[in-house]
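Examination of the molecular architecture
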Amino acid sequence: MSDNSRIPAALRQLLLRLHFYAGILIAPFLLVSAVSGLAYALSYPVEDALYADLRTVDVGDGRLRLADQVNAVTAAHPDWTVTAVRPAAEDDASTVVLVDDGVARESGAIAAVYVDPYTGALLGDSTTYGSSQAGPLREWISTLHRSLHLGEAGRLYSELAASWLWVVALGGLVLWITRRRRSSRSPARERRRAGLVRPEPAGTGRSRTLAWHGPVGLWLCAVLLFLSATGLTWSRYAGEHVSELREALSWTTPSVAVDSDASGGDHAEHHHAGAEGVSSFAVALLDSVYTTAREADMNGPLQITLPTGSGTQYLVAETHRALPLEQDQMVVDTGSGAPEVAEELRFADWPFMARVTNVAIAAHMGLLFGLANQLLLAAVMVALVCMIVWGYRMWWQRRPRGALVGRPYRRGALRRLPWPLVAAIAVVAAGVGWFLPLLGISLAIFVVIDVLVGWWSRFRKPPMENEHGEVVVSRRTALAAATVTVAAGAGVGAAIGENHEHEDGGEAGHDHSTGVEPFYGARQAGIETPAQRHALFAAFDLAETELGTGAALDAAAVAANLQALLKEWSAVAAALAAGEAPPKAPIDGDDQFDAEAVAAGLDPARLTVTFGIGPAAFAKAGLEAVRPSKLVELPEFDGDKLNPAWSGGDLLLQICGDDRQVVSNAFLELRKRAVAAGRLLWMQHGFSSAPDGGTPRNLMGFKDGSANPEAGSELFDERVWAVDSEPSWFEGGTYLVFRKIRMRLPDWSMLTAEDQNLTFGRERDSGAPLSGGGEFDHPDFAVLDSAGLQAVPADSHVAVVHDAAMVRRGYNYDYGFLTQGEVSSDAATDGHLDGHMHAEHPYDAGLLFASFQADPQVFIDTQEKMAASDRLNEFVTAEGSAVFVLPPGAPEGGYVGQGLFEA
């Protein structure tokens, strides 16, 4: 046989064996998914009939005001909090009032009360779930389809099914088409060609079953590929990779958000309703908000989310997911008394692929074409069930005489392929296994089974020997072992070693690192600690009045509060870093101890909490005599546009970890213990992603921290730890400088790659200096480029800051488009190009710069040099600034800053 025919034959044999294993071992998962999917598709019309008494009404003469309908609900259920309203979209439809009834449900469904819009009569209450507004029946079936009601672990079944569905479908398609082509050379060619696309059962046994299995699979293939691709978006591990890919390709779904603190104008006081809940005034304005949205061309069925507390902004969203899709969103602000459109996002303005994704998911859910869509899905699920049954039947029909089940297709295909092709197959398997971890793991299991079966077969017959009588290990066995290593490493590593975080949702994924960073030690954690993925910086001002009475506190009382707070913070931080429940807060009642609620079930994720003390704290606490010698407020440098709301502070919390949920939980626990001792001044969230342990990049695309010395090295210690001319209690501490630096990313993106490199003095991709060498090589400022100019420009960022004796620990931040211009230092004329920025909605993203140095004058000198000549200044603006001393670490059972009070 020639190579031209041998290779396709071997590939087909390999595909047959893969299709066999997938059909036998994965088909049960596909069967469960198909049956539950069938139930979900049919649940739409069933639910419409089942809940008709809630969803439909007799048409009356005129509708009541929305406010009156909502008030009818609150009168009947005064202990339920109204959250949103779905006004009746049809003449015979009821109004749906969404409420918080205090019940937490497995799927996330929320309570809904149905109101007759003509009479105000309550038709009853139920639940609603998801964007399809499912009722209890469809919610239960949806959860069954997704996780079998087994929680997070149950989602693995559906992910495994979705991960393999496309492999089974494509593999079957290739096998069917290539089989029909081969058999088309027979005299009955025309009849067999017709049998390719339509069932023509003939004969008996397996060939008759295959005559159904093949053509039906051919017609199903496109739909199954579609269901697999869209189904993976809901999965646990592969779904996070899909989310990362969508984000990288700008396919993510945009949205608008209300400012929960928005209030103002002459009518703001009418909105006050305490810390939570919806005010009666907010309900009273519902009708005018609804009218404003309608006049602004919000045509589809609407959901109006009401503001809480003193908020004045309503979120109005179209909810029609059938063709024609109506998915516009709008923020309506009533702060001035009259509803005004504050922000809008039209579906037509979404990125093209985001719209395509939305349409595809709507089709997967059976919403896009209404009943026709649901019936099509039901038919596909029935056909898929038939395909699975036919597959098992063919397996049974292939059984040898006297056997109970059929045998697998013969092995040996890899042995017949050239090594370059085998290597390519292994690489593809590894790549697919990484992107779809459960597929990678199960594929590795298949290979292991195949190898074990092969070994068992060899044990039952004499081993192969060469001409010298030596046992020969077959090429197939060696290759199978290599494939196991590659596929299992990729799949298991992605599925178990990684657990990415969905920042604020969908948004990605959590990284539940099980590492524990010790809290106690000679030095505080979070300085030498390898940078974690997430950081939270929060500053507090020490209280100078007594909580409750408002009486002024003297310096001794402030110092006592500071000492007590540092003791309590240290105990809490030590417990959380170890993955333990922290001591109970004094303000917690017997039924308020919720320390584990936010991060329940999560690992410590290398959590570190680092404490800092600001310059003014020493004066307030009467501790000027033991104040570190170099601790002074930072000046405002040229180019700074500092916002007091993001600057200064008496105390600092630097909370870092690999899981943002764990970081947020730590902050909540620490903050509530500061109620009597201080008030929160500002808080900033940051993130960092270091590829494979390499240097992380900032949002300008450049590596950040390449010049840092290695932690624990002599140079690191020399730069960071304060020793000379310091109070004895502070020896071994350090100074932290914090800067919130806004980046003008729209302007930056307009530069060429060459101009960006010249601005930094480094190559963006490699991080190497423009003078040559590697990322960690020191730039050579004497090297000239081809034009005879300095390769590293004298005004580049590297040239200006290369000799700064500090260690930087920067985190990116991206707060998106702000909804209020006054909270930003940007303005329409502030260096932003037309078409890239809106003065009323400036884009706030950049760097949370934190540097550690033995002397903060190092930072001051460096910043003054930057302000004078760094060409990077054109694209960055400092909007927040602060300096703190970080005391040495705490001894076991002690607390950070203990020496300060014993000096």
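Bear in mind that the values here come from a model prediction, so they are computed numbers and not experimental data.

What counts and how
Residues numbered from 1 in each chain as written. Predicted model: local features only at pLDDT ≥ 70, side-chain atom pairs only at ≥ 80, totals over all residues. Heavy atoms only, no water. pLDDT = per-residue confidence, 0-100. Helix = DSSP H or I, 4+ residues; strand = E, 2+ residues; numbered from the N terminus. Contact = heavy atoms within 4.5 Å. Phe/Tyr/Trp six-rings, centres within 6.5 Å; stacked < 30°, edge-to-face > 60°. Buried < 20%, exposed > 50% of the residue type's maximum accessible area, 1.4 Å probe, protein only. Lys NZ or Arg CZ within 6 Å of the ring centre and 35° of its normal. Pairing = 2+ DSSP bridges. Axes fitted to C-alpha atoms, helices over the stretch in contact; angles between N-to-C directions. Salt bridge = Lys/Arg side-chain N within 4 Å of Asp/Glu carboxyl O. Parallel < 35°, antiparallel > 145°, perpendicular 65-115°, else oblique. Nonpolar A, V, L, I, M, F, W, Y, C, P; charged D, E, K, R; others polar.

Scored by pLDDT, the protein comes out at a mean of 84, with 83% of its residues at no less than 70. Mean pLDDT values for the elements of the protein range from 39 in helix H16 (residues 475–497) up to 98 in strand S10 (residues 608–613). Contacts of residues 461–513 to residues separated by more than four positions or lying in other chains number 108 contacts, the stretch itself having pLDDT below 50. Across residues 820–840, confidence stays below pLDDT 50; counting only partners more than four residues off in sequence or on other chains, it has 41 contacts.

Now for the packing of aromatic side chains. Going through the model one piece at a time under the given rule, you end up with 27 aromatic pairs. Between the aromatic rings of Phe-519 and Tyr-520, the centroid separation amounts to 5.2 Å while the plane-to-plane angle is 85 degrees, which identifies the pairing as edge-to-face. According to the relative accessible area criterion, Tyr-520 is partly exposed, its value standing at 25%. Three or more aromatic residues link up through ring pairs in this structure, and these residues are Phe-20, Tyr-21, Trp-164, Tyr-392, Trp-395 and Phe-446. It is Arg-138 that lies over the ring of Tyr-44; its NZ or CZ is 4.1 Å from the centre. Above the ring of Trp-646, the side-chain terminus of Lys-740 is found at 4.0 Å from the ring centroid.

Let us now look at the sheet that holds strand S8 (residues 340–345). Within a sheet, adjacent strands bond to each other through the backbone by hydrogen bonds, running parallel or antiparallel. If you trace the eight strands from one edge of the open sheet to the other, you get S4-S3-S2-S1-S5-S6-S7-S8, paired in antiparallel fashion. Either end of the sheet is taken by a strand with one partner, and the two such strands are strand S4 (122–128) and S8. For this sheet, the mean inter-axis angle between neighbouring strands, taken without regard to orientation, is 25 degrees. Bridge count for strand S2 (residues 95–100) against strand S3 (residues 110–115) is five bridges, and the pairing is antiparallel. Bridge pairing in S3 links Val-99 to Ala-111. Here helix H4 (residues 66–76) sits on the sheet in contact with strand S1 (81–86), S2, S3, S4 and strand S5 (302–305), set at roughly 45 degrees to S2.

Counting across every chain of the model gives 31 salt bridges. Taking the shortest distance from any N to any O, the salt bridge between Arg-742 and Asp-844 comes out at 2.6 Å. A residue pair is termed long-range when its members are at least 10 positions apart, and Arg-742 in strand S13 (residues 734–743) and Asp-844 in strand S16 (residues 843–853) qualify at 102 residues. Classification of Arg-742 as buried rests on a relative accessible area of 1%. Across the pair Arg-742 and Glu-879 runs a salt bridge, and its minimum N-O distance is 3.4 Å. Taken together, the residues Arg-742 in strand S13 and Glu-879 in strand S17 (residues 876–886) connect sequence positions 137 residues apart.

This part is about the pairing of S13. Most of S13 is tucked away: 10 of the 10 residues are buried. Residues Thr-734, Leu-736, Phe-738, Lys-740 and Arg-742 line one face of S13 and the alternating positions Tyr-735, Val-737, Arg-739, Ile-741 and Met-743 line the opposite face, and both faces are buried. Across 10 bridges, the pairing between S13 and S17 is antiparallel. When the sheet's bridge partners are listed, Arg-739 is paired in S17 with Ser-881.

Across the interface, H4 lies against helix H11 (residues 286–295) with an axial gap of 7 Å and an inter-helix angle of 135 degrees. It follows that H4 is oblique to H11 by the angle criterion. In this structure, H4 uses Leu-66, Ala-67 and Val-70 to contact H11, whose residues at the interface are Leu-286, Asp-287 and Tyr-290. Partitioning the contact of H4 with H11 into residue classes produces five nonpolar, no polar and one charged.

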